[in-house]
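Listed below are the residues making up each chain.
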Amino acid sequence: MKTVEEIKAAIEAAVPGAGVEIVSNPGPSAQHSLLIAPESAVAVATFLRDHAELALDFLSNVTGVDWPDKEIAEKVKVTRTVTKTVEGVEQSAEETVEETRKRVEPGYLEVVYHFYSMAKKHGPVVLRMRTANRTDKVQLPSMTPVWRSAEFQEREVFDLFGVEFTGHPDLRRILMWDGFKDHPMRRDYVEPDDYDYEPTAHDEVLKKAQAHQAALAGQKGAGE
Amino acid sequence: MMEAEGDLLEVSMGPHHPSTHGVFRMDVALDGEKVVRLKPVFGYLHRNHEKLGEDHSYLASMPYTDRLDYICSLTNNWAYALAVEKLAGQAVPERAEYLRVITAELTRVQNHALSVGFLLQDMGASGTPLMYGFREREKILDLFEALTGSRMMCNYMRFGGCRVDATPEWLDAARKVVRDLPGFVDEYEALICTNEILMARTQGVGILRPELAVSAGVTGPMLRASGVNYDIRKVDRYGIYDRFNFKVPLGDHCDVYDRFMIRLLELRESIKILEQALKDIPGGPVMDPKAKIRNFRPKAGEAYGRIEAPKGELGFYLISDGGPNPYRYRVRPPSFVNLTILEDMCLGHNVADVVLILGSVDIVLGEVDR
């Protein structure tokens, strides 16, 4: 089978402006993947399926990965000019200090596709797509028109991660119920405190139950 | 529950109906007795298995995998162990590979014996054919209990081998069970396969064309009944499957009857593999001595590992960030993906056939809903 570099070159030759990047995998499995731009994703997908040598006719696995905002602390050397008063005379001097700066690397949602070929019996080829952010720009093109097997799996990614697939024929929740809010597979998901706890001998559960009961009592007191 | 919509009748089949093999619902729209729309509804058994996997260490997820497809815990163990071994670059000793093949093929035998039994049960052959399947399964579950301590929730495999070694007595007992298995298949075939009612009810019903099957990612006996030659044991040759001589049965009518027959034919091939594995099994350790049990932290990276489970391709996708828990733990369940084309197979058939078509998919809701 072709290597990821060869596949990248083939895609770039066939789909102009495809925007393909290789995401290397440092682990022993060495399953490297290709990051594709959402705008050209359907064209790339169709190319990979219909390519005579690759013939990726079998989309095996579709899944989401949540990468939340990351706060990165960096030590930066800063040179600044300071005014000092030395023996009654003002002097300006340069001094270098080390400062810790924090910057936030914006998070995104990622969808990972694992392809195989049933005709050529090779694989896997791994494709990834990333959303612009985790809040409002979470649209990605759907692969369902190209491979039917994405239908339920993309619904699951929509349900549990909140990625909206444009062009999906029937994008509804699949495992959670229709009225459910939020997306439980996100890393920052907090389960709602809206049910009664059955206290058990576990300290943690007991504490949670007491906090819950106290909150309920507080609400009642305020209402009466 | 029924509702009329114009001339169509909407029927909610399930979630509590014996033919749905668990808690599963199909919202069916009927024109007379013909199905014009069918939407599967599931999630009744959803416990977010994948989130649990991210909250526990790699090893702690092993017993949870037993509960995915609870009929076939040993193949679930193997798929997960295989993915983690790929992620960590872990080798497996030869005897453990043989034990994995033996337990996985025994699992396939008991799954298919049950599956054909349940299909006949769905058809209305109450009890007897199903109990024949259960009778064989019982012997295999006794073997599992003797080896692993549990009949269904085996929790047997580890990263780099198997948890306990099989005694010579156990291997003899397994050989005896395997020796008797062809008799069961012969008897079953003689009794059932040319049964007039079975043929009338299943031939030409629930046709799944190979092009659609490939596009929809259908795997396992379902796919091979549609004539597509794709068995991961042959394609990936994971473990030591390249050492065994066995065939991949294929169907050509793509209907419910073919799916039923493929399972019986696969039973025979599994028996062949079992005979060879039980003859050749070498001595030696069952765990790689370098395998790390405590403080197991694979290097950062990701891996997708898959096996041919009795129901189709069972895959695990893992991302490690170097910590003790997986950053992402994904199960690719075969019965979930195989349900994608349930509507396509049922359209135009009578409502009574829907039960049979669903039965021929062979689903387990523990795995569909996760």
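Residues numbered from 1 in each chain as written. Chains lettered and ligands numbered in written order. Predicted model: local features only at pLDDT ≥ 70, side-chain atom pairs only at ≥ 80, totals over all residues. Heavy atoms only, no water.

### What about the environment of Asp362(B)?
Residues and elements named next belong to chain B.
Argument step 1. Position of aspartate 362 among the secondary structure elements: in the loop between helix 14 (351–361) and helix 15 (365–369).
Argument step 2. Taking the relative accessible area as the measure of exposure, aspartate 362 reaches 7% and is therefore buried.
Argument step 3. Taking the C-alpha atoms as reference points, aspartate 362 and aspartate 180, 182 residues apart in sequence, are found 25 Å from one another.
Argument step 4. Residue contacts for aspartate 362: discarding those within four places in its chain leaves Asn111, Ser115, Arg263, Lys311 and Ser335. (Helix = DSSP H or I, 4+ residues; strand = E, 2+ residues; numbered from the N terminus. Buried < 20%, exposed > 50% of the residue type's maximum accessible area, 1.4 Å probe, protein only. Contact = heavy atoms within 4.5 Å.)

### Structural notes on the nonpolar core
Argument step 1. Tyr113(A), Phe260(B), Leu339(B) and Leu342(B) are the most contacted members of the largest nonpolar core, which totals 165 residues.
Argument step 2. Per element, the largest residue contribution to this core is 13 residues, and it comes from helix 4 (residues 94–123) of chain B.
Argument step 3. Leave out the neighbours within four places in its chain, and Leu342(B) touches Phe24(B), Met26(B), Leu38(B), Ile357(B), Leu358(B) and Val361(B).
Argument step 4. One finds Ile71(B), Cys72(B), Leu114(B) and Val364(B) within the second-largest nonpolar core, a separate group that totals five residues. (Core = buried A, V, L, I, M, F, W, Y, C linked by side-chain atoms within 4.5 Å.)

### Re the domain arrangement of chain A
Argument step 1. Split by domain assignment, chain A resolves into domain 1 (4–66 + 108–166), domain 2 (70–104) and domain 3 (191–224).
Argument step 2. Placing the centre of domain 1 of chain A and that of domain 2 of chain A at their C-alpha centroids yields a distance of 46 Å. (Domains from an automatic or database assignment.)

### A look at helix 3 (residues 73–88) of chain B
Residue and element names in this part refer to chain B.
Argument step 1. Here helix 3 spans 23 Å end to end across 16 residues, near enough to the 22 Å set by a 1.5 Å rise per residue.
Argument step 2. Taken across its 16 residues, helix 3 has 14 buried, putting it largely inside the fold.
Argument step 3. One or two steps after helix 3, the chain reaches glycine 89, where phi turns positive at roughly 65°. (Expected span 1.5 Å × (residues − 1).)

### Quick look at helix 14 of chain B
Argument step 1. Among the 11 residues that make up helix 14 of chain B, nine are buried, leaving the element largely enclosed by the rest of the structure.
Argument step 2. Those residues of helix 14 of chain B not exposed but buried are Asp353(B), Val354(B), Val355(B), Leu356(B), Ile357(B), Leu358(B), Gly359(B), Ser360(B) and Val361(B).

### Let's talk about the pattern of salt bridges
Argument step 1. What the rule picks out here adds up to 48 salt bridges over all chains.
Argument step 2. For Glu12(A), the salt bridge is made with Lys8(A), and the minimal N-O distance between the two is 3.5 Å. Within this pair, Glu12(A) and its partner Lys8(A) are both found in helix 1 (residues 4–14), separated by four residues, close to a single helical turn.
Argument step 3. Where Asp66(B) meets Arg67(B), a salt bridge forms, and the shortest distance between an N and an O atom there is 3.8 Å.
Argument step 4. Arg67(B) gets classed as partly exposed once you look at its relative accessible area, which sits at 39%.
Argument step 5. Because the salt bridges share partners, they merge into one network encompassing Glu156(A), Arg187(A), Glu50(B), Glu54(B), Arg328(B), Arg330(B) and Arg370(B). (Salt bridge = Lys/Arg side-chain N within 4 Å of Asp/Glu carboxyl O.)

### So, the interface of chain A and chain B
Argument step 1. Taken together, the contacts link 46 residues of chain A with 47 residues of chain B.
Argument step 2. Carbon and sulfur atoms supply 55% of the area buried between chain A and chain B, which totals about 3,700 Å² over both sides.
Argument step 3. At the boundary of chain A and chain B, one finds five salt bridges.
Argument step 4. Close ionic contact of Glu156(A) with Arg370(B) constitutes a salt bridge, the shortest N to O distance being 2.8 Å.
Argument step 5. At the junction of chain A and chain B, the tally comes to 27 residue pairs in polar contact (both at pLDDT 80 or more). (Buried area = accessible area lost by both parts, 1.4 Å probe. Polar contact = N/O pair within 3.5 Å; in protein donor to acceptor, adjacent residues only side chain to side chain.)

### Some words on the sheet that holds strand 7 (residues 301–309) of chain B
Residues and elements named next belong to chain B.
Argument step 1. Across the sheet, which stays open at both edges, the three strands sit in the order 7-8-9 with antiparallel pairing between neighbours. Each having just a single partner strand, strand 7 and strand 9 (328–332) make up the two edges of the open sheet. When strand polarity is set aside, the average angle formed by the axes of neighbouring strands in this sheet is 10°.
Argument step 2. As paired strands, strand 8 (residues 312–320) and strand 9 are joined by five bridges and run antiparallel to one another. (Pairing = 2+ DSSP bridges. Axes fitted to C-alpha atoms, helices over the stretch in contact; angles between N-to-C directions.)

### Comments concerning the packing of aromatic side chains
Residue and element names in this part refer to chain B.
Argument step 1. Inspection of the entire model under this criterion finds 26 aromatic pairs over all chains.
Argument step 2. Arranged with centres 6.3 Å apart and planes meeting at 35°, the rings of tyrosine 257 and phenylalanine 260 form a pair that is tilted. Here the residue tyrosine 257 and the residue phenylalanine 260 both occupy positions in helix 11 (residues 256–280), the gap between them amounting to three residues, near one helical turn. Both residues of the pair, tyrosine 257 and phenylalanine 260, count as buried.
Argument step 3. In this structure an aromatic cluster arises from ring pairing among Tyr58, Tyr80, Phe159, Phe296, Phe316 and Tyr329. (Phe/Tyr/Trp six-rings, centres within 6.5 Å; stacked < 30°, edge-to-face > 60°.)

### Things to note about the packing of helix 11 of chain B against helix 14 of chain B
Residues and elements named next belong to chain B.
Argument step 1. Helix 14 packs onto helix 11 with a crossing angle of 30° between their chain directions and a minimal axis gap of 9 Å. One finds that helix 11 runs roughly parallel with respect to helix 14. When the axes of helix 11 and helix 14 are compared, the crossing they make is left-handed. In this structure, helix 11 contributes Val256, Arg259 and Arg263 to the contact, and helix 14 contributes Leu356, Ile357, Ser360 and Val361.
Argument step 2. Here the contact of helix 11 with helix 14 is composed, by residue class, of four nonpolar, one polar and two charged. (Parallel < 35°, antiparallel > 145°, perpendicular 65-115°, else oblique. Left-handed = near helix turned anticlockwise from the far one by under 90°. Nonpolar A, V, L, I, M, F, W, Y, C, P; charged D, E, K, R; others polar.)

### Quick notes on the side chain of Glu266(B)
Residues and elements named next belong to chain B.
Argument step 1. When you line up the elements, glutamate 266 lands in helix 11.
Argument step 2. A relative accessible area of 2% places glutamate 266 in the buried class.
Argument step 3. Only 2.6 Å separates the side chain of glutamate 266 from the side chain of arginine 224, close enough to count as a polar contact.
Argument step 4. With sequence-adjacent residues up to four places away left out, glutamate 266 is seen in contact with Arg108, His112, Pro221, Arg224 and Pro249.

### Observations regarding the sheet that holds strand 3 (residues 58–67) of chain A
Residues and elements named next belong to chain A.
Argument step 1. Pairing is mixed in the open sheet, where five strands are placed in the order 1-2-7-6-3. Single-partner strands in this sheet number two, and they are strand 1 (20–23) and strand 3. Geometrically, the sheet is characterised by an average inter-axis angle of 25° between neighbouring strands, direction not taken into account.
Argument step 2. Relative to strand 7 (residues 122–130), strand 6 (residues 108–117) runs antiparallel, the two being bridged by seven bridges. Paired with valine 112 across the bridge in strand 7 is arginine 128.

### Overview of unusual backbone geometry
Argument step 1. You will see that Ala55(A), though not glycine, has its phi angle at about 45°, which is positive.
Argument step 2. By secondary structure assignment, the location of Ala55(A) is in the loop between helix 2 (41–50) and strand 3.
Argument step 3. Residue classification places Ala55(A) among the buried residues on the basis of a relative accessible area of 11%.
Argument step 4. Residue Asn295(B) is not a glycine yet carries a positive backbone phi of 55°.
Argument step 5. As for its position among the elements, Asn295(B) is in the loop between helix 11 and strand 7.

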